[in-house]
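# A closer look at the structure
As a plain string of letters, each chain reads:
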Amino acid sequence: MSTDGQFFREAWIAGVSKYYPGEPKPGYVAPWEETPDWERECAAAVFGQVRDFLQVSNGNASKLTREQKGRFVALCWIAQIYKHIENPKPGYVADWSELPSWQQETDSDIFEAIEQALT
């Protein structure tokens, strides 16, 4: 099995490929090997946060709505952005309501992919 970060990245790419309108930016779908180190660290950390969230809820986080699952991924990602980038662009730390629908759907898919992988 791939590392946690790779799993997250693969789920991200799958979501972008499915939901992004038109041709996504190359960085959105770059393979793991071409992903910057800081972004790899973020991916691994957020995978871990979702895994831990599922574990500490005794699996009851699965009862969250699809949107709630996506919001959790988005918030965890924002915290990682602040950890790794001193002055991030506003779009990097946008609140859920400000995210484009393709990104919301992708974040929700990521949570569900992690959830499925762990059950």
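Look up a bit, the structure's there.
Assigned secondary structure in the protein consists of 4 helices and 0 strands. Sequence-ordered secondary structure for the protein, helices as α and strands as β, is α-α-α-α. Over its C-alpha trace the protein gives a radius of gyration of 14 Å, about what one expects of a compact globule, namely 14 Å for 119 residues. Summarising its shape, the C-alpha atoms of the protein cover approximately 35 × 30 × 30 Å along the three principal directions. Looking at the protein as a whole, 42% of its 119 residues are labelled buried. A separation of at least 24 residues holds for 66% of the contacts in the protein among residues at least 6 apart in sequence. Carbon and sulfur atoms make up 51% of the accessible area of the protein, which amounts to about 6,900 Å² in all.

Per the counting criterion, the structure on display carries 8 salt bridges. Residue R9 is joined to E39 by a salt bridge in which the shortest nitrogen-to-oxygen separation is 3.2 Å. Note that R9 is positioned in helix α1 (residues 4-19) and E39 in helix α2 (residues 37-56), a separation of 30 residues in sequence. The buried category is assigned to R9, whose relative accessible area is 4%. Residue E39 is classed as buried on the basis of its relative accessible area of 18%. Across the pair R66 and E112 runs a salt bridge, and its minimum N-O distance is 2.7 Å. Residue R66 is located in helix α3 (residues 66-84), and its partner E112 is located in helix α4 (residues 101-118); the two are separated by 46 residues in the primary sequence. Residue classification places E112 among the partly exposed positions, given a relative accessible area of 24%. Here the salt bridges share partners, and the residues they tie into one network are R66, E105, D109 and E112.

Estimates place the volume of the largest pocket at around 730 Å³. Residue lining of the largest pocket: 28 residues in total, with W12, Y28, E39, W77 and Y92 positioned closest to the centre. Contributing elements (two or more residues each) for the lining of the largest pocket: α1, α2, α3 and α4. The leading source of residues in the lining of the largest pocket is α3, at 5 residues. Its residues assigned to classes, the lining of the largest pocket comprises 18 nonpolar, 4 polar and 6 charged.

This paragraph deals with the nonpolar core. Residues F8 and V50 are the most contacted members of the largest nonpolar core, which totals 25 residues. For this core, the elements supplying multiple residues, two or more each, are α1, α2, α3 and α4. Excluding anything up to four places from it in sequence, F8 contacts A43, V46, F47, V73, W77, I110 and I114.

Conventions used here
Residues numbered from 1 in each chain as written. Predicted model: local features only at pLDDT ≥ 70, side-chain atom pairs only at ≥ 80, totals over all residues. Heavy atoms only, no water. Helix = DSSP H or I, 4+ residues; strand = E, 2+ residues; numbered from the N terminus. Rg over C-alpha atoms; globule rule 2.2 N^0.38 Å. Buried < 20%, exposed > 50% of the residue type's maximum accessible area, 1.4 Å probe, protein only. Contact = heavy atoms within 4.5 Å. Areas by Shrake-Rupley, 256 points an atom, 1.4 Å probe, with all protein chains shown as cover. Salt bridge = Lys/Arg side-chain N within 4 Å of Asp/Glu carboxyl O. 1 Å grid on protein atoms, 1.4 Å probe; cavity = no way out; pocket = protein on both sides within 12 Å on 5 of 7 lines; lining within 4 Å. Points joined across faces, edges and corners; volume = space filled by probe spheres on them. Nonpolar A, V, L, I, M, F, W, Y, C, P; charged D, E, K, R; others polar. Core = buried A, V, L, I, M, F, W, Y, C linked by side-chain atoms within 4.5 Å.

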